[in-house]
Amino acid sequence: MKKIFPLFLVVIMSLIPVESIATTQLAGLEKPVSGNLTVEDSLKTNLNIGGAVRVNYSYKEYDKQSESTLGSLEFELFRLNVTSEVGQFKLFAQYRWYSEFSMPEYAYMSFDLTDKSEIQLGLNKVPFGVLPYSSFGYWESILYHLGLEDDNDLGLKYSYADEQWDIDLGFYKNPELSSANHARYSFDVVTEVEKNEFNHEVNQFNVRVQKNYSNTSLGFSLQHGNLFNEQTSETGEHSAYAAHLTSSYDNWHLQFELGSYQYKPKNQQGQDTNKVLIGAFDNTFYVASEADFYLFNVSRDIETSFNAIDKMSCYNNFGMIKPKRSSPGVGNTTLQNLLGCTLKTDAITTYVELISGVNSAFVNGPGIGLIDDKSWSHRININVGYYF
(Lines give C-alpha, C1' and ligand atoms only; values in the text may rest on other atoms or scores of the structure.)
Protein backbone atom coordinates (compact mmCIF):
# COMPACT_ATOMS: atom_id res chain seq x y z
CA MET A 1 0.00 0.00 0.00
CA LYS A 2 2.88 2.39 0.69
CA LYS A 3 3.87 2.12 -2.99
CA ILE A 4 0.34 2.77 -4.25
CA PHE A 5 -0.50 5.97 -2.34
CA PRO A 6 2.26 8.21 -3.84
CA LEU A 7 1.25 7.22 -7.37
CA PHE A 8 -2.43 7.86 -6.65
CA LEU A 9 -1.47 11.31 -5.31
CA VAL A 10 0.34 12.13 -8.56
CA VAL A 11 -2.63 10.97 -10.60
CA ILE A 12 -5.13 12.97 -8.55
CA MET A 13 -3.04 16.15 -8.76
CA SER A 14 -2.69 15.75 -12.53
CA LEU A 15 -6.46 15.56 -12.92
CA ILE A 16 -7.13 19.01 -11.46
CA PRO A 17 -7.01 20.89 -14.83
CA VAL A 18 -9.11 18.32 -16.70
CA GLU A 19 -10.61 19.73 -19.90
CA SER A 20 -11.42 16.82 -22.19
CA ILE A 21 -11.76 13.08 -22.51
CA ALA A 22 -10.05 11.10 -25.25
CA THR A 23 -9.65 7.50 -26.28
CA THR A 24 -6.32 5.76 -26.79
CA GLN A 25 -4.99 2.26 -27.31
CA LEU A 26 -2.18 0.91 -25.17
CA ALA A 27 -0.45 -2.44 -25.46
CA GLY A 28 -0.38 -4.84 -22.53
CA LEU A 29 -0.26 -8.55 -21.80
CA GLU A 30 -4.02 -8.84 -22.36
CA LYS A 31 -4.02 -6.77 -25.57
CA PRO A 32 -7.31 -4.87 -25.03
CA VAL A 33 -8.50 -1.47 -26.17
CA SER A 34 -8.81 1.02 -23.31
CA GLY A 35 -10.31 4.49 -22.97
CA ASN A 36 -8.15 7.08 -21.24
CA LEU A 37 -8.51 10.45 -19.58
CA THR A 38 -6.68 13.29 -21.35
CA VAL A 39 -5.29 16.32 -19.53
CA GLU A 40 -3.94 19.39 -21.38
CA ASP A 41 -2.21 22.27 -19.62
CA SER A 42 -0.94 25.69 -20.74
CA LEU A 43 2.36 24.13 -21.87
CA LYS A 44 0.50 21.98 -24.39
CA THR A 45 1.26 18.84 -22.43
CA ASN A 46 -1.10 15.92 -23.07
CA LEU A 47 -1.45 13.29 -20.35
CA ASN A 48 -3.47 10.12 -21.05
CA ILE A 49 -4.29 7.76 -18.20
CA GLY A 50 -5.83 4.31 -18.52
CA GLY A 51 -5.72 1.03 -16.70
CA ALA A 52 -7.34 -2.25 -15.81
CA VAL A 53 -8.69 -4.36 -12.95
CA ARG A 54 -8.69 -8.14 -13.44
CA VAL A 55 -9.74 -11.28 -11.58
CA ASN A 56 -8.56 -14.76 -12.52
CA TYR A 57 -10.00 -18.28 -12.09
CA SER A 58 -7.59 -21.21 -12.30
CA TYR A 59 -8.16 -24.97 -12.17
CA LYS A 60 -5.24 -27.42 -12.29
CA GLU A 61 -6.18 -31.05 -12.88
CA TYR A 62 -2.77 -32.18 -11.61
CA ASP A 63 -3.03 -30.33 -8.26
CA LYS A 64 -4.88 -32.12 -5.42
CA GLN A 65 -5.91 -28.92 -3.64
CA SER A 66 -7.18 -27.38 -6.87
CA GLU A 67 -9.10 -30.56 -7.63
CA SER A 68 -10.63 -30.70 -4.13
CA THR A 69 -11.68 -27.02 -4.10
CA LEU A 70 -12.71 -26.90 -7.79
CA GLY A 71 -10.04 -24.32 -8.48
CA SER A 72 -9.55 -20.82 -7.12
CA LEU A 73 -10.74 -17.29 -7.95
CA GLU A 74 -8.25 -14.55 -7.10
CA PHE A 75 -7.62 -10.85 -7.60
CA GLU A 76 -4.99 -10.76 -10.32
CA LEU A 77 -4.12 -7.21 -11.27
CA PHE A 78 -4.60 -3.48 -10.96
CA ARG A 79 -2.60 -1.51 -13.49
CA LEU A 80 -2.14 2.06 -14.71
CA ASN A 81 -1.05 3.13 -18.20
CA VAL A 82 0.30 6.61 -18.79
CA THR A 83 1.16 8.37 -22.06
CA SER A 84 2.30 11.96 -22.38
CA GLU A 85 3.39 14.24 -25.21
CA VAL A 86 5.32 17.51 -24.98
CA GLY A 87 6.39 18.98 -28.30
CA GLN A 88 8.38 16.36 -30.22
CA PHE A 89 8.79 14.03 -27.23
CA LYS A 90 6.45 11.30 -25.97
CA LEU A 91 6.34 9.18 -22.83
CA PHE A 92 4.86 5.68 -22.47
CA ALA A 93 4.66 3.84 -19.14
CA GLN A 94 2.74 1.05 -17.45
CA TYR A 95 2.91 -0.10 -13.83
CA ARG A 96 1.25 -3.22 -12.42
CA TRP A 97 0.13 -4.19 -8.91
CA TYR A 98 -0.49 -7.84 -8.14
CA SER A 99 -1.65 -9.30 -4.82
CA GLU A 100 1.90 -10.04 -3.59
CA PHE A 101 4.23 -7.79 -5.64
CA SER A 102 4.36 -4.97 -8.17
CA MET A 103 6.52 -4.03 -11.13
CA PRO A 104 6.77 -1.87 -14.26
CA GLU A 105 6.02 -3.46 -17.61
CA TYR A 106 7.43 -0.65 -19.74
CA ALA A 107 8.55 2.97 -19.29
CA TYR A 108 10.29 4.80 -22.11
CA MET A 109 10.71 8.13 -23.89
CA SER A 110 10.12 8.39 -27.63
CA PHE A 111 11.23 10.88 -30.28
CA ASP A 112 9.96 10.85 -33.88
CA LEU A 113 12.84 11.32 -36.32
CA THR A 114 10.43 11.31 -39.28
CA ASP A 115 6.84 10.24 -39.86
CA LYS A 116 8.21 6.71 -40.43
CA SER A 117 10.95 6.38 -37.82
CA GLU A 118 11.46 6.91 -34.09
CA ILE A 119 13.93 6.40 -31.25
CA GLN A 120 12.90 4.89 -27.90
CA LEU A 121 14.99 5.22 -24.73
CA GLY A 122 14.20 3.42 -21.51
CA LEU A 123 12.36 0.22 -20.63
CA ASN A 124 10.97 -0.78 -24.04
CA LYS A 125 10.00 -3.92 -25.94
CA VAL A 126 12.88 -5.95 -27.37
CA PRO A 127 12.39 -6.41 -31.14
CA PHE A 128 12.42 -10.17 -31.61
CA GLY A 129 10.12 -12.58 -33.44
CA VAL A 130 6.47 -11.98 -34.22
CA LEU A 131 5.42 -8.57 -32.88
CA PRO A 132 3.76 -7.34 -30.80
CA TYR A 133 3.06 -10.90 -29.52
CA SER A 134 3.93 -14.35 -30.84
CA SER A 135 0.63 -15.69 -29.50
CA PHE A 136 -3.11 -15.11 -29.43
CA GLY A 137 -5.10 -14.64 -26.21
CA TYR A 138 -4.14 -14.06 -22.59
CA TRP A 139 -1.66 -16.85 -21.81
CA GLU A 140 1.37 -16.13 -23.96
CA SER A 141 3.46 -18.70 -25.83
CA ILE A 142 6.21 -20.91 -24.45
CA LEU A 143 8.72 -18.36 -25.81
CA TYR A 144 7.48 -15.81 -23.28
CA HIS A 145 8.77 -18.04 -20.49
CA LEU A 146 12.17 -18.05 -22.22
CA GLY A 147 12.34 -14.27 -22.53
CA LEU A 148 11.86 -14.39 -26.32
CA GLU A 149 8.33 -12.94 -26.42
CA ASP A 150 6.99 -9.71 -24.89
CA ASP A 151 10.39 -8.97 -23.34
CA ASN A 152 11.12 -5.44 -22.07
CA ASP A 153 14.66 -4.35 -21.27
CA LEU A 154 16.52 -1.09 -20.58
CA GLY A 155 18.13 0.40 -23.64
CA LEU A 156 17.93 2.35 -26.89
CA LYS A 157 15.88 1.25 -29.92
CA TYR A 158 15.56 2.64 -33.44
CA SER A 159 12.42 1.69 -35.40
CA TYR A 160 11.50 2.31 -39.03
CA ALA A 161 8.18 1.30 -40.60
CA ASP A 162 6.52 1.88 -43.95
CA GLU A 163 4.08 -0.12 -46.05
CA GLN A 164 6.75 -2.59 -47.16
CA TRP A 165 9.39 -2.75 -44.43
CA ASP A 166 9.70 -2.86 -40.63
CA ILE A 167 13.27 -2.44 -39.36
CA ASP A 168 14.33 -2.39 -35.68
CA LEU A 169 17.82 -1.95 -34.20
CA GLY A 170 18.29 -2.13 -30.44
CA PHE A 171 20.98 -2.01 -27.76
CA TYR A 172 19.97 -3.06 -24.24
CA LYS A 173 22.40 -2.41 -21.41
CA ASN A 174 20.46 -4.31 -18.75
CA PRO A 175 17.18 -6.13 -18.08
CA GLU A 176 14.41 -4.10 -16.46
CA LEU A 177 15.31 -4.80 -12.80
CA SER A 178 18.16 -6.07 -10.67
CA SER A 179 19.03 -9.68 -11.45
CA ALA A 180 18.27 -10.61 -7.82
CA ASN A 181 14.73 -9.21 -8.10
CA HIS A 182 12.49 -12.00 -9.43
CA ALA A 183 9.25 -9.96 -9.17
CA ARG A 184 9.56 -8.73 -12.74
CA TYR A 185 7.30 -8.74 -15.80
CA SER A 186 9.75 -10.11 -18.39
CA PHE A 187 11.58 -13.42 -18.08
CA ASP A 188 15.37 -13.03 -17.90
CA VAL A 189 18.41 -14.90 -16.65
CA VAL A 190 18.48 -14.12 -12.90
CA THR A 191 20.71 -14.67 -9.87
CA GLU A 192 19.80 -16.65 -6.76
CA VAL A 193 22.34 -17.24 -4.00
CA GLU A 194 20.51 -20.28 -2.59
CA LYS A 195 20.87 -22.05 -5.95
CA ASN A 196 24.43 -20.85 -6.51
CA GLU A 197 23.36 -18.95 -9.64
CA PHE A 198 25.13 -15.64 -10.36
CA ASN A 199 24.65 -14.91 -14.09
CA HIS A 200 22.79 -11.91 -15.50
CA GLU A 201 22.30 -10.40 -18.96
CA VAL A 202 24.22 -7.29 -20.14
CA ASN A 203 25.04 -5.47 -23.39
CA GLN A 204 22.49 -7.05 -25.72
CA PHE A 205 22.14 -6.19 -29.43
CA ASN A 206 19.00 -6.84 -31.50
CA VAL A 207 18.25 -6.65 -35.22
CA ARG A 208 14.81 -7.33 -36.68
CA VAL A 209 13.84 -6.98 -40.35
CA GLN A 210 10.37 -7.70 -41.73
CA LYS A 211 9.02 -7.50 -45.29
CA ASN A 212 5.30 -6.74 -45.53
CA TYR A 213 3.04 -7.90 -48.34
CA SER A 214 -0.71 -7.35 -48.75
CA ASN A 215 -1.85 -9.91 -46.14
CA THR A 216 1.44 -11.54 -45.15
CA SER A 217 4.64 -10.49 -43.38
CA LEU A 218 7.92 -12.40 -43.42
CA GLY A 219 10.81 -11.52 -41.14
CA PHE A 220 14.07 -12.46 -39.44
CA SER A 221 15.33 -11.58 -35.94
CA LEU A 222 18.80 -11.79 -34.42
CA GLN A 223 19.85 -11.28 -30.79
CA HIS A 224 23.28 -11.41 -29.14
CA GLY A 225 24.47 -10.34 -25.70
CA ASN A 226 26.71 -11.10 -22.73
CA LEU A 227 26.20 -13.07 -19.52
CA PHE A 228 28.18 -11.66 -16.61
CA ASN A 229 28.88 -14.02 -13.72
CA GLU A 230 29.00 -12.07 -10.45
CA GLN A 231 30.84 -14.88 -8.68
CA THR A 232 33.64 -15.56 -11.20
CA SER A 233 33.67 -12.01 -12.68
CA GLU A 234 33.87 -13.65 -16.11
CA THR A 235 31.68 -12.86 -19.10
CA GLY A 236 29.86 -15.48 -21.13
CA GLU A 237 27.38 -14.90 -23.94
CA HIS A 238 23.87 -15.64 -25.15
CA SER A 239 22.25 -15.48 -28.57
CA ALA A 240 19.05 -16.27 -30.46
CA TYR A 241 17.68 -16.08 -33.97
CA ALA A 242 14.26 -16.64 -35.52
CA ALA A 243 12.46 -16.65 -38.84
CA HIS A 244 8.82 -15.61 -38.53
CA LEU A 245 5.70 -15.26 -40.62
CA THR A 246 2.25 -13.77 -40.04
CA SER A 247 -0.67 -13.93 -42.43
CA SER A 248 -4.37 -13.03 -42.48
CA TYR A 249 -7.14 -14.14 -44.82
CA ASP A 250 -10.75 -13.16 -44.27
CA ASN A 251 -11.39 -13.94 -40.56
CA TRP A 252 -8.35 -16.23 -40.18
CA HIS A 253 -4.98 -15.22 -38.71
CA LEU A 254 -1.77 -17.26 -38.71
CA GLN A 255 1.56 -16.98 -36.86
CA PHE A 256 4.61 -19.17 -37.47
CA GLU A 257 8.05 -18.89 -35.92
CA LEU A 258 11.11 -21.13 -35.77
CA GLY A 259 14.58 -20.53 -34.47
CA SER A 260 17.22 -21.34 -31.90
CA TYR A 261 18.69 -19.91 -28.70
CA GLN A 262 21.91 -20.53 -26.81
CA TYR A 263 23.38 -19.56 -23.42
CA LYS A 264 27.11 -19.96 -22.71
CA PRO A 265 27.65 -18.98 -19.07
CA LYS A 266 31.10 -18.75 -17.46
CA ASN A 267 30.29 -20.56 -14.21
CA GLN A 268 32.66 -21.63 -11.49
CA GLN A 269 34.56 -24.84 -12.19
CA GLY A 270 32.39 -27.94 -11.96
CA GLN A 271 29.03 -26.14 -12.21
CA ASP A 272 26.65 -27.37 -14.92
CA THR A 273 26.49 -25.05 -17.95
CA ASN A 274 23.76 -27.02 -19.75
CA LYS A 275 21.03 -25.12 -17.93
CA VAL A 276 20.44 -21.52 -16.80
CA LEU A 277 18.11 -20.00 -14.23
CA ILE A 278 15.21 -17.93 -15.60
CA GLY A 279 12.88 -15.81 -13.48
CA ALA A 280 9.82 -13.53 -13.49
CA PHE A 281 6.62 -12.98 -11.48
CA ASP A 282 8.54 -13.83 -8.29
CA ASN A 283 9.29 -17.32 -9.60
CA THR A 284 12.43 -19.06 -10.92
CA PHE A 285 13.10 -22.28 -12.83
CA TYR A 286 15.81 -23.84 -14.99
CA VAL A 287 15.78 -24.07 -18.80
CA ALA A 288 18.03 -25.95 -21.20
CA SER A 289 20.91 -23.68 -22.19
CA GLU A 290 20.67 -24.55 -25.90
CA ALA A 291 17.57 -25.50 -27.90
CA ASP A 292 15.57 -25.12 -31.11
CA PHE A 293 12.02 -23.76 -30.94
CA TYR A 294 8.90 -23.93 -33.10
CA LEU A 295 5.60 -22.02 -32.88
CA PHE A 296 2.41 -22.45 -34.88
CA ASN A 297 -0.61 -20.35 -33.89
CA VAL A 298 -3.97 -19.88 -35.62
CA SER A 299 -6.92 -17.63 -34.73
CA ARG A 300 -10.37 -16.97 -36.17
CA ASP A 301 -12.64 -13.98 -35.63
CA ILE A 302 -16.20 -15.20 -35.06
CA GLU A 303 -19.36 -13.29 -35.80
CA THR A 304 -22.00 -13.72 -33.11
CA SER A 305 -25.69 -12.87 -32.90
CA PHE A 306 -25.56 -12.37 -29.12
CA ASN A 307 -26.08 -8.71 -28.27
CA ALA A 308 -24.07 -9.16 -25.08
CA ILE A 309 -20.89 -9.93 -27.08
CA ASP A 310 -19.31 -7.19 -29.20
CA LYS A 311 -16.39 -9.23 -30.49
CA MET A 312 -15.28 -12.86 -30.24
CA SER A 313 -12.28 -14.85 -31.44
CA CYS A 314 -11.05 -18.40 -30.86
CA TYR A 315 -7.48 -19.63 -31.26
CA ASN A 316 -4.94 -22.38 -30.77
CA ASN A 317 -1.27 -21.74 -29.91
CA PHE A 318 1.25 -24.58 -30.14
CA GLY A 319 4.91 -24.43 -29.14
CA MET A 320 7.85 -26.85 -28.95
CA ILE A 321 11.28 -26.47 -27.33
CA LYS A 322 13.78 -29.15 -28.35
CA PRO A 323 17.13 -29.13 -26.46
CA LYS A 324 20.27 -29.65 -28.53
CA ARG A 325 22.29 -31.31 -25.78
CA SER A 326 21.63 -33.83 -23.02
CA SER A 327 23.16 -33.95 -19.56
CA PRO A 328 21.99 -35.08 -16.12
CA GLY A 329 18.58 -33.45 -15.64
CA VAL A 330 18.51 -31.80 -19.09
CA GLY A 331 17.41 -32.98 -22.53
CA ASN A 332 13.67 -33.72 -22.85
CA THR A 333 11.45 -31.86 -25.33
CA THR A 334 8.94 -29.35 -23.94
CA LEU A 335 5.48 -29.06 -25.52
CA GLN A 336 2.77 -26.51 -24.78
CA ASN A 337 -0.65 -26.07 -26.40
CA LEU A 338 -3.31 -23.47 -25.69
CA LEU A 339 -6.91 -23.65 -26.89
CA GLY A 340 -9.07 -20.64 -26.04
CA CYS A 341 -11.56 -17.91 -26.87
CA THR A 342 -11.71 -14.17 -26.19
CA LEU A 343 -15.00 -12.33 -25.65
CA LYS A 344 -15.27 -8.53 -25.51
CA THR A 345 -18.25 -6.53 -24.27
CA ASP A 346 -17.88 -2.79 -23.75
CA ALA A 347 -15.11 -2.39 -21.16
CA ILE A 348 -15.06 -6.10 -20.20
CA THR A 349 -12.68 -8.60 -21.83
CA THR A 350 -12.88 -12.29 -20.92
CA TYR A 351 -10.37 -15.00 -21.82
CA VAL A 352 -11.36 -18.67 -21.48
CA GLU A 353 -8.37 -20.96 -22.08
CA LEU A 354 -7.23 -24.56 -21.72
CA ILE A 355 -3.44 -24.84 -21.37
CA SER A 356 -1.83 -28.25 -21.86
CA GLY A 357 1.81 -29.06 -21.44
CA VAL A 358 4.54 -31.67 -21.32
CA ASN A 359 7.69 -30.75 -19.38
CA SER A 360 6.44 -27.13 -19.26
CA ALA A 361 7.25 -24.94 -16.25
CA PHE A 362 3.76 -23.53 -15.63
CA VAL A 363 1.86 -26.73 -16.50
CA ASN A 364 3.17 -29.23 -13.94
CA GLY A 365 6.71 -29.32 -15.32
CA PRO A 366 10.06 -28.75 -13.57
CA GLY A 367 11.24 -26.17 -16.12
CA ILE A 368 11.80 -26.07 -19.88
CA GLY A 369 13.88 -28.66 -21.70
CA LEU A 370 14.70 -30.55 -18.49
CA ILE A 371 14.15 -34.26 -17.71
CA ASP A 372 10.51 -35.04 -16.95
CA ASP A 373 8.75 -38.40 -17.34
CA LYS A 374 5.19 -37.08 -16.93
CA SER A 375 2.72 -37.08 -19.82
CA TRP A 376 0.34 -34.24 -20.76
CA SER A 377 -0.96 -32.07 -17.91
CA HIS A 378 -3.81 -29.55 -18.18
CA ARG A 379 -5.05 -26.39 -16.52
CA ILE A 380 -8.05 -24.11 -17.14
CA ASN A 381 -7.62 -20.35 -16.92
CA ILE A 382 -10.44 -17.78 -17.07
CA ASN A 383 -9.47 -14.13 -16.86
CA VAL A 384 -12.03 -11.30 -16.61
CA GLY A 385 -10.92 -7.69 -16.80
CA TYR A 386 -12.39 -4.19 -16.81
CA TYR A 387 -10.29 -1.85 -18.97
CA PHE A 388 -10.55 1.92 -18.75
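Residues numbered from 1 in each chain as written. Predicted model: local features only at pLDDT ≥ 70, side-chain atom pairs only at ≥ 80, totals over all residues. Heavy atoms only, no water.

## Brief notes about the pairing of strand S5 (residues 89-97)
Bridge analysis of strand S4 (residues 72-86) against S5 gives 9 bridges, and the strand direction is antiparallel. Its bridge partner lying in S5, Arg 79 is registered against Arg 96. Two successive antiparallel strands, S4 and S5, enclose a turn made up of 2 residues, where Gly 87 displays a positive phi of approximately 60 degrees. As judged from the 9 bridges shared by S5 and strand S6 (residues 102-112), these two strands associate in the antiparallel manner. The residue of S6 that forms the bridge with Tyr 95 is Pro 104. Hairpin geometry of S5 and S6 is characterised by an intervening segment of 4 residues between the two adjacent antiparallel strands. (Pairing = 2+ DSSP bridges. Helix = DSSP H or I, 4+ residues; strand = E, 2+ residues; numbered from the N terminus.)

## Considerations on the side chain of Glu 290
Tracing the sequence through the fold places Glu 290 in strand S17 (residues 290-302). A distance of 3.2 Å separates polar atoms of two side chains, one belonging to Glu 290 and the other to Gln 262. Not counting the four nearest positions on each side in its chain, Glu 290 is found in contact with Tyr 261, Gln 262, Pro 323, Lys 324 and Arg 325. (Polar contact = N/O pair within 3.5 Å; in protein donor to acceptor, adjacent residues only side chain to side chain. Contact = heavy atoms within 4.5 Å.)

## Notes on the packing of aromatic side chains
For the structure shown, the criterion picks out 19 aromatic pairs. Centre to centre, the rings of Phe 187 and Phe 285 are 5.9 Å apart; their planes meet at 50 degrees, and the pair counts as tilted. One end of the pair, Phe 187, is in the loop between strand S9 (165-175) and strand S10 (188-189); the other, Phe 285, is in strand S16 (residues 283-288), with 98 residues separating them in the sequence. As far as the burial class goes, Phe 187 and Phe 285 line up, both buried. (Phe/Tyr/Trp six-rings, centres within 6.5 Å; stacked < 30°, edge-to-face > 60°. Buried < 20%, exposed > 50% of the residue type's maximum accessible area, 1.4 Å probe, protein only.)

## Considerations on a nonpolar patch on the surface
Together, Val 53, Val 55, Leu 73, Phe 75, Ile 348, Val 384 and Tyr 386 make up an exposed nonpolar region whose accessible area comes to about 580 Å². Mapping Ile 348 onto the fold places it in strand S20 (residues 348-358). (Patch = residues over 30% accessible without salt bridge, like charges linked within 9 Å, V, L, I, M, F, W, Y side chains within 5 Å. Areas by Shrake-Rupley, 256 points an atom, 1.4 Å probe, with all protein chains shown as cover. Salt bridge = Lys/Arg side-chain N within 4 Å of Asp/Glu carboxyl O.)

## Looking at empty space enclosed by the protein
Applying the stated criterion to the full structure yields 4 cavities of 30 Å³ or more. Space inside the largest cavity adds up to approximately 80 Å³. In this structure, the largest cavity is lined by 14 residues; those nearest its centre are Leu 146, Gly 147, Glu 201, Gln 223 and Tyr 263. Elements with a minimum of two residues in the lining of the largest cavity: strand S11 (199-212), strand S13 (235-249) and strand S14 (252-264). The biggest single contributor to the lining of the largest cavity is S13, with 3 residues. (1 Å grid on protein atoms, 1.4 Å probe; cavity = no way out; pocket = protein on both sides within 12 Å on 5 of 7 lines; lining within 4 Å. Points joined across faces, edges and corners; volume = space filled by probe spheres on them.)

## Overview of the environment of Val 126
Note that Val 126 resides in the loop between strand S7 (117-125) and strand S8 (152-161). Considered as a pair, Val 126 and Leu 154 are 28 residues apart in the sequence and their alpha carbons are 9.1 Å apart. Those residues in contact with Val 126, other than ones at most four positions away along the chain, are Leu 131, Asp 151, Asp 153, Tyr 172, Gln 204, Asn 206 and Gln 223.

## Points about the nonpolar core
Core analysis: the biggest nonpolar cluster contains 36 residues, and Leu 146, Leu 148, Tyr 261, Val 287, Phe 293, Ile 321 and Ile 368 have the highest contact counts within it. Contact partners of Tyr 261, with chain neighbours within four places excluded, come to Leu 146, Leu 148, Ser 239, Ala 240, Val 287, Ala 288, Ser 289, Glu 290, Ala 291, Phe 293 and Ile 321. One finds Ala 52, Tyr 138, Ile 355 and Val 363 within the second-largest nonpolar core, a separate group that totals 10 residues. (Core = buried A, V, L, I, M, F, W, Y, C linked by side-chain atoms within 4.5 Å.)

## Re the layout of surface pockets
The volume enclosed by the largest pocket comes to roughly 1100 Å³. If you trace the largest pocket, you find 31 residues lining it, with Asn 56, Glu 74, Trp 139, Phe 362 and Arg 379 closest to the centre. Elements with a contribution of two residues or more to the lining of the largest pocket: strand S3 (45-60), helix H2 (64-69), S4 and strand S22 (377-387). Residue contributions to the lining of the largest pocket peak at 4 residues, all from S4. Of the residues that constitute the lining of the largest pocket, the class distribution is 12 nonpolar, 12 polar and 7 charged. (Nonpolar A, V, L, I, M, F, W, Y, C, P; charged D, E, K, R; others polar.)

## Considering the pattern of salt bridges
Counted according to the given criterion, the structure contains 12 salt bridges. A salt bridge links Glu 105 to Arg 96; the shortest N-O distance between them is 3.0 Å. Here Glu 105 matches Arg 96 in class, with each residue buried. Within this structure, Glu 176, Arg 184 and Asp 188 form a network of salt bridges that share partners.

Worth remembering: the numbers are spatial, not functional.
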